[in-house]
Each structure stands twice: as C-alpha cells, then as structure tokens.
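# Summary of structural features
Each chain is listed here by its residues.
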Amino acid sequence: MTNVTRSRPLSPHLQIYKPIPTMIMSIMHRITGGALYFGTVLVAWWLIAAASGTAYYDWVNWLFGTFIGKVVLFGYTLALVHHLLGGIRHLAWDLGYGYEKHFATRMAKAMIVASATLTLVIWVVGYLAR
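In what follows, the accompanying structure is described. Predicted model only: the values in this text are computed from it and were never measured.

Turning to a nonpolar patch on the surface, a few remarks are in order. Taken together, the side chains of I20, M23, I24, I27, M28 and I31 present a nonpolar region at the surface, about 480 Å² in accessible area. Secondary-structure assignment places I27 in helix α2 (residues 21–52).

See below:
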C-alpha cells in the first residue's frame, strides 16, 4: 500500500495545471500587492527627504532620476496601475459580474495591455508636464 501512495504526485500538483490568463493575473495581483508594500517605502523616503531639507531632498531626487531609479519608479507605477485594475476586476466579481469563462479570460488579457498602456500614458503626461 505504501508503494502506491509514494508514486502518486500530491494533488493539486503544478505539473497538472496549465497556466491560464485568469490564474496568471491572480498571481500577478498578489505580486504587485507585495511590490506596492515595498515601493511605498520609496514614497515615504521621498516625503521624509522633502521634510529633511534641501540637500537631502536634492540627493534623493537625483537618485530617483538615475536610470536605475527611473526603472524602479516605472516598475512601481506599473505595479500600482496593474493592482488597481486587478482590484476593479475583483470588485466586479464581488458584485457578481464577469464570471463567464470567455469574458474573464478576455478581461485578464486586457489587463496586461491596459496596465502597460496606462503606465506609459502616466509617464508621458508626467514628462510633458515638466
């Protein structure tokens, strides 16, 4: 009897499931939530720098203005937008809408495009407003 149970994989097993868009977006919603948790530390750091004086504020702004700083801020913006759209999708589900398989799959795929597009729009508007 123990031989039979040892040869079977634990269920549910990752080798059994095929990743589908709604599953991937659910995982991404959790990842972006974690990224926002740590990214908010950057916002707090920037606010503390603004309250600490001109020299420190200028240094933090310089750091955020470097290539690496801009990549991190772009990622934070992308995580914020993606998490917001995921929250709206979950709100619709809580209200009982969007459970149809084809609609939910299209919505998951649209979230990727919408997140990237809105993030780019935010950054373009930000650069134009300078």
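Still to come is the rest of the account.
This part covers the packing of α2 against helix α4 (residues 67–94). Helix-helix packing is characterised by the crossing angle of the two axes and by the distance between the axes. Where α2 contacts α4, the two axes come as close as 8 Å, and the packing angle between them is 130°. When the interaxial angle is binned, α2 and α4 end up oblique. With respect to the hand of their crossing, α2 and α4 are arranged in left-handed fashion. Looking at the contact of α2 with α4, its residues break down into 10 nonpolar, 12 polar and one charged.

What follows deals with the side chain of T77. As for its position among the elements, T77 is in helix α4. Residue T77 is classed as buried on the basis of its relative accessible area of 13%. A polar contact of 2.8 Å, which involves the side chain of T77, links it to the backbone oxygen of L73. Reaching out from T77, the side chain makes a polar contact with the side chain of W123 at a distance of 3.1 Å. Dropping the residues within four chain positions of it, T77 is found in contact with T119, I122 and W123.

Calculation notes
- Residues numbered from 1 in each chain as written.
- Predicted model: local features only at pLDDT ≥ 70, side-chain atom pairs only at ≥ 80, totals over all residues.
- Heavy atoms only, no water.
- Patch = residues over 30% accessible without salt bridge, like charges linked within 9 Å, V, L, I, M, F, W, Y side chains within 5 Å.
- Areas by Shrake-Rupley, 256 points an atom, 1.4 Å probe, with all protein chains shown as cover.
- Salt bridge = Lys/Arg side-chain N within 4 Å of Asp/Glu carboxyl O.
- Helix = DSSP H or I, 4+ residues; strand = E, 2+ residues; numbered from the N terminus.
- Axes fitted to C-alpha atoms, helices over the stretch in contact; angles between N-to-C directions.
- Parallel < 35°, antiparallel > 145°, perpendicular 65-115°, else oblique.
- Left-handed = near helix turned anticlockwise from the far one by under 90°.
- Nonpolar A, V, L, I, M, F, W, Y, C, P; charged D, E, K, R; others polar.
- Buried < 20%, exposed > 50% of the residue type's maximum accessible area, 1.4 Å probe, protein only.
- Polar contact = N/O pair within 3.5 Å; in protein donor to acceptor, adjacent residues only side chain to side chain.
- Contact = heavy atoms within 4.5 Å.

By themselves, these figures tell us nothing about what the structure is for.
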